[in-house]
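So the chains spell out like this:
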Amino acid sequence: MKSVKILSCALLLTLCLLFTACSGKEEYQDSLSCRELTDLAQKKVAVAGGYTAYDENVLEYFFKGTDLPDDFSLIYSTTSADINEIGIFHAPNADDAKELCTICEDYLSEMQETQSAFIASYAPEELNKLKNATVVRYGNYVIYTILTPADGEEVLSLLRNRLKRT
């Protein structure tokens, strides 16, 4: 009888752990600065010449004047022959983060439409980065990357792990 109770408790505990693990709903912290995150990202995918940060005017120009983020950091490769770009936005709430995702997707689509021919003419090896540009959302953070697929995966994995609550 005692072994049945122990077995039942073990089974119940296993089921609880399994349901928790399979819920798929990860939680992310909400207190890191976007600059701290782009600093991590640029160390992971260093480039010759380093990165330069866009200033606040870029929101007005490239992102349709959105006032949704309460923090952001956008960096691009300083060398013109390299099109690496990483953008991180923080929104004050989930609805604004969802809207920022759409804005970033629109930005990348527009870049693909308007810049592909130009990039193909001067740095065709960089075109793959633009074709594989990605937008993800981790909680209230929205991240876009214009990187090689391998570099993009590394950066997104790094940032996901850094933001994930443990």
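Residues numbered from 1 in each chain as written. Predicted model: local features only at pLDDT ≥ 70, side-chain atom pairs only at ≥ 80, totals over all residues. Heavy atoms only, no water.

**Q** Mind showing me how you'd approach the overall build of the protein chain here?
**A** Across its full length, the protein chain holds 6 helices and 5 strands. Taking all contacts inside the protein chain whose residues are at least 6 apart in sequence as the whole, residues at least 24 apart take part in 62%. Carbon and sulfur atoms make up 55% of the accessible area of the protein chain, which totals about 9,800 Å². (Helix = DSSP H or I, 4+ residues; strand = E, 2+ residues; numbered from the N terminus. Contact = heavy atoms within 4.5 Å. Areas by Shrake-Rupley, 256 points an atom, 1.4 Å probe, with all protein chains shown as cover.)

**Q** Would you take a moment to explain the sheet that holds strand E2 (residues 71-77) for this structure?
**A** The pairing of strands in a sheet comes from backbone hydrogen bonds and takes either a parallel or an antiparallel form. Spatial strand order, E1-E2-E3-E5-E4: 5 strands in an open sheet with antiparallel pairing. The two strands at the open ends of the sheet, each matched to only one other strand, are strand E1 (51-53) and strand E4 (134-138). Within this sheet the neighbouring strands show an average axis-to-axis angle of 15°, counted without direction. Both E1 and E2 contribute to a ladder of 3 bridges, which runs antiparallel. Opposite threonine 52, over in E2, you have tyrosine 76 as the bridge partner. On top of the sheet, helix H4 (residues 94-122) reaches strand E3 (85-90), E4 and strand E5 (141-146); it is set at about 170° to E4, its chief contact. In the packing of helix H6 (residues 149-163) onto the sheet, the strands contacted are E3, E4 and E5, and the crossing angle to E5 comes to about 165°. (Pairing = 2+ DSSP bridges. Axes fitted to C-alpha atoms, helices over the stretch in contact; angles between N-to-C directions.)

**Q** Honestly, the nonpolar core in this entry has me stumped. Any pointers?
**A** Nonpolar side chains tend to gather and get buried jointly when the protein is soluble and globular. Ranked by size, the top nonpolar core spans 25 residues in total, and within it Phe63, Phe89, Val142 and Tyr144 carry the most contacts. Among the elements of the structure, helix H3 (57-62), E2, H4, helix H5 (127-131) and E5 are those that each provide at least two residues to this core. Per element, the largest residue contribution to this core is 9 residues, and it comes from H4. Grouped together as the second largest cluster of nonpolar side chains are 20 residues, Ala41, Val136, Ile143 and Leu156 included. (Core = buried A, V, L, I, M, F, W, Y, C linked by side-chain atoms within 4.5 Å. Buried < 20%, exposed > 50% of the residue type's maximum accessible area, 1.4 Å probe, protein only.)

**Q** Can you walk me through the packing of aromatic side chains in this structure?
**A** Two aromatic rings are characterised by how far apart their centres lie and by the angle between their planes. All told, the structure shown has 11 aromatic pairs when counted by the stated rule. Ring geometry for phenylalanine 62 against tyrosine 107: centres 5.8 Å apart, planes inclined by 65°, an arrangement best described as edge-to-face. Taken as a pair, phenylalanine 62 in helix H3 and tyrosine 107 in helix H4 lie far apart in primary sequence, 45 residues in all. On the accessibility criterion, phenylalanine 62 (27% relative accessible area) is partly exposed. A connected cluster of aromatic rings, assembled from ring pairs, spans Tyr54, Tyr61, Phe62, Phe63, Phe72, Tyr76, Phe89, Tyr107 and Tyr144. (Phe/Tyr/Trp six-rings, centres within 6.5 Å; stacked < 30°, edge-to-face > 60°.)

**Q** Can you help me understand the side chain of glutamine 29 in this one?
**A** Looking at the secondary structure, you find glutamine 29 in the loop between helix H1 (2-21) and helix H2 (34-44). Here arginine 162 takes part through its backbone oxygen, which lies 2.8 Å from a polar atom of the side chain of glutamine 29. When sequence neighbours within four positions are dropped, the list of residues in contact with glutamine 29 reads Tyr141, Arg162, Leu163, Lys164 and Arg165. (Polar contact = N/O pair within 3.5 Å; in protein donor to acceptor, adjacent residues only side chain to side chain.)

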